[in-house]
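Topology and contacts: notes
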Amino acid sequence: METPAYQQYRDEASSWLKQGRIRLIESLLRRHLPAGEGHTVLDLGAGVGQNIAALSRFGVVDALERSPIGLEELARNPHVRHVFATELPAPLAQRYDVIGAFDVVEHLERDDQAIDWVADHLQPGGLFVATVPAYNWMFSSHDVALEHHRRYTDGSFRRLLARRLKVLQSGYFVSSLFPLAALSRLPSMMRYRLNKAGGAASKQSGSLPGLVSDVFARVLASEAWLIGKGVDLPFGLSVYAIAAKD
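Our subject in this report is the structure included herewith. (Residues numbered from 1 in each chain as written. Predicted model: local features only at pLDDT ≥ 70, side-chain atom pairs only at ≥ 80, totals over all residues. Heavy atoms only, no water.)

What about the pairing of strand β1 (residues 39–44)?
Selection rule: For every residue, the accessible area obtained with a 1.4 Å probe (protein chains only) is divided by the maximum for its type, and the residue is called buried under 20%, exposed over 50%, and partly exposed between those limits. Only DSSP runs of H or I with at least four residues qualify as helices, and only runs of E with at least two residues qualify as strands; both kinds are numbered from the N terminus onward. Whether two strands pair comes down to DSSP finding at least two bridges between them.
For β1, a buried count of six out of six residues is recorded, marking the element as mostly surrounded by other parts of the structure. What you see with β1 is no split at all: His39, Val41 and Asp43 on one side and Thr40, Leu42 and Leu44 on the other are buried throughout. Relative to strand β2 (residues 59–65), β1 runs parallel, the two being bridged by six bridges. Bridge pairing in β2 links Val41 to Val61. One ladder, built from four bridges, connects β1 with strand β4 (residues 96–102); its direction is parallel. Across the sheet, Leu44 pairs through a bridge with Ala101, a residue of β4.

Here's what the structure looks like:
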């Protein structure tokens, strides 16, 4: 990921969108992970550790990250046991009860090899929980700045995971706000299609005024609660899935 985009990502680590995703992760794990606090968890592409505190509620957390900015933040995070300064495929000997990859798989040129790696590093019965950006038709200069290779549908992501894992639940997130999100991305999408972005591609800011941010965060918390109850949302800005290793 380009450094300016990554620094912006760090600044927005506590944004309404990131907080909504944390609620989603918690809902999925509470629904599908067996009770207990002794689980081992690996956060792939852990960024600046924005999801670590939530993951630590389910067990001991290790983090894998390659960005110097992310590694600096993770080194100070009290919830992290081990930090692996590498990228996939990483030469790790450990196997985990839970592996998370939150907006990570789309960065990898060979996403099939990434899923093979995940399956190889899960314990039998272990869970893989992930989010990816939705819909290739939304690909824009925002994605270029973040070094995305692709976006997904629920169906295409399920098929990818089904190579090695059993999908327990999948669907869309950020459904209620999707029309607004799509509209806000329209200029970036048009620049990308007209090939005017060039080297000036930039990540779109997720920062919003305080009151609006609070309202949006509550909307996403409600969506996460519904998903945790097994409700499928019809569309969204993000695709999620949780899958198990047989």
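Overview of the packing of aromatic side chains
As a reminder of what qualifies: Stacked, edge-to-face and tilted labels apply to pairs of Phe, Tyr and Trp rings (six-membered ring for Trp) whose centres lie within 6.5 Å, assigned for plane angles under 30 degrees, over 60, and everything in between, in that order.
Applying the stated criterion to the full structure yields seven aromatic pairs. Residues Trp137 and Phe178 carry aromatic rings whose centres are separated by 6.3 Å and whose planes lie at 85 degrees to one another, so their mutual orientation is edge-to-face. Taken together, the residues span a long stretch of sequence, with Trp137 in the loop between β5 (122–133) and α6 (141–145) and Phe178 in helix α8 (residues 178–193) at a distance of 41 residues. Owing to a relative accessible area of 46%, Trp137 belongs among the partly exposed residues under this scheme. The structure contains a cluster of three or more aromatic residues connected by ring pairs, namely Tyr135, Trp137, Tyr172, Phe178 and Phe235.

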